[in-house]
Amino acid sequence: MRVAVRAPATTANLGAGFDVFGAALALENLFTIETGREGFRLQGVPVQPDLGRNLFHAALDRTAAELGGQAPKVAVTVDVAVPLRSGLGSSASAICAGVAAAQVLLSKHLAPAAALRIAAELDGHPDNVAACLFGGVTIATDDGLVRRLPAPDLRAIVFYPGTELGTEAARRSLGREVLRADAVFNLGRASLLVYAFALQDYDLLSAACEDRLHEPQRLPALPYAQEAREAALSAGALAMPISGSGPSLLALARPAQADAVALALQAVAARHAPARVLDLAFADRGTEAQALD
Ligand code: HSE
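All values reported here derive from a predicted model rather than from experimental measurement.

1. Let's talk about the site of the ligand
Then step 1. All residues in the neighbourhood of the ligand are listed as Ala 12, Asn 13, Phe 18, Asp 19, His 125, Asp 127, Asn 128, Thr 167, Arg 171, Arg 218, Gly 244 and Ser 245.
Then step 2. The side chain of Asn 13 places a nitrogen or oxygen atom 2.8 Å from an oxygen atom of the ligand.
Then step 3. Arg 171 is positioned such that a nitrogen or oxygen atom in its side chain is 2.6 Å from an oxygen atom of the ligand.
Then step 4. Only helix H4 (126-134) and helix H5 (167-171) provide two or more residues apiece to the shell around the ligand.
Then step 5. When residues of the shell around the ligand are assigned to domains, at least three fall in each of domain 1 (2-149) and domain 2 (155-281).

This is the structure we're talking about:
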């Protein structure tokens with residue numbers, strides 16, 4: 001049996017929504033899974049890191065067990081579109097692909113809440129995996145409450161500095177405690193984020209994406225981040241939060257300003273090879289799996 005799974009790139013946090021907000025992007029990793037053989041191969045990357053293999057198989061096995069079965073041995077080929085360890089949810093895509101593949105391989109359906117629980121346990125946070133599983137803009141809590149809003153009519157212009165950064169390393173720069181004033185600041189901003197996406201009040205995003213819980217600690221360590229943010233905002237971007245834990249940043253732009261923002265970011269990237277720009281749409285589609293034969 002062969003199964004194909006498409007799992008989108010995601011951006012987490014959106015500034016103030018630390019560990020809670022996520023959004024799916026129109027860039028997908030394609031996993032082709034074949035029973036009766038064993039293996040794991042990434043196509044489109046120079047090295048073969050173990051991380052994706054382990055996460056995919058852990059998700060496959062956990063989901064199969066939850067469904068009361070056992071996952072068969074499989075060979076997996078991944079056509080990689082999402083840069084690894086870039087802040088665009090490549091780990092989440094491996095996990096969500098494993099969750100989705102198990103359901104097709106065992107011909108059993110898992111409730112969305114259970115799929116989210118398994119994926120969030122493996123990823124460590126619900127934000128990327130909620131967006132990857134369900135698409136759109138997601139709001140997900142640690143204990144599994146999730147709501148989804150449609151993908152906004154905005155462009156998502158990613159500045160990727162070309163360096164890798166794992167989430168665990170990026171979290172080490174964060175303090176263990178936060179000031180009450182900063183928590184209140186983020187509560188206000190995160191509430192505005194919900195309003196902005198729910199009512200398509202996108203002018204609010206410049207205020208709503210402001211953050212005091214993680215960006216002030218992270219931004220100074222991200223290559224060219226300040227330069228990219230200034231260029232994007234000057235060219236008309238609404239906001240430019242760090243994408244997940246970085247090192248990428250995500251410029252949010254209305255369609256009318258998006259080309260100018262992309263050009264401005266491409267000029268920054270050209271000064272700092274191998275930095276590059278991914279000019280993307282937001283995506284309503286989450287992870288989808290289908291049997292090929
Ligand atoms: N929200 C996480 C972080 C990244 O900012 O560390 C994605 O799970």
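2. Side note on helix H9 (residues 225-234)
Along an α-helix, a turn takes 3.6 residues, which lines up residues three or four apart on a common side.
Then step 1. Within H9 the residues assigned to the buried category are Ala 225, Ala 228, Arg 229 and Ala 232. Here the buried residues of H9 occupy an arc of 100 degrees about the axis, which is enough to place them on one side.
Then step 2. The inward-facing, buried residues of H9 contact strand S7 (155-160), helix H8 (215-218), strand S8 (249-253) and helix H10 (255-271).

3. Some points on the sheet that holds S8
Then step 1. In space, the three strands of this open sheet follow the order S8-S7-S9, with antiparallel pairing throughout. Unpaired on one side and paired on the other, S8 and strand S9 (276-281) mark the two borders of the sheet. With direction set aside, neighbouring strand axes in the sheet form an average angle of 25 degrees.
Then step 2. Two strands pair when backbone bridges link them, and S7 and S8 are joined in this way by five bridges, in the antiparallel orientation. Considered in S8, the bridge of Ala 156 is made with Leu 252.

The rules behind the values
Residues numbered from 1 in each chain as written. Predicted model: local features only at pLDDT ≥ 70, side-chain atom pairs only at ≥ 80, totals over all residues. Heavy atoms only, no water. Near = heavy atom within 4 Å. Polar contact = N/O pair within 3.5 Å; in protein donor to acceptor, adjacent residues only side chain to side chain. Helix = DSSP H or I, 4+ residues; strand = E, 2+ residues; numbered from the N terminus. Domains from an automatic or database assignment. Buried < 20%, exposed > 50% of the residue type's maximum accessible area, 1.4 Å probe, protein only. Arc of directions from axis to C-beta. Contact = heavy atoms within 4.5 Å. Pairing = 2+ DSSP bridges. Axes fitted to C-alpha atoms, helices over the stretch in contact; angles between N-to-C directions.

Keep in mind that these numbers describe shape and distance, not what the molecule does.
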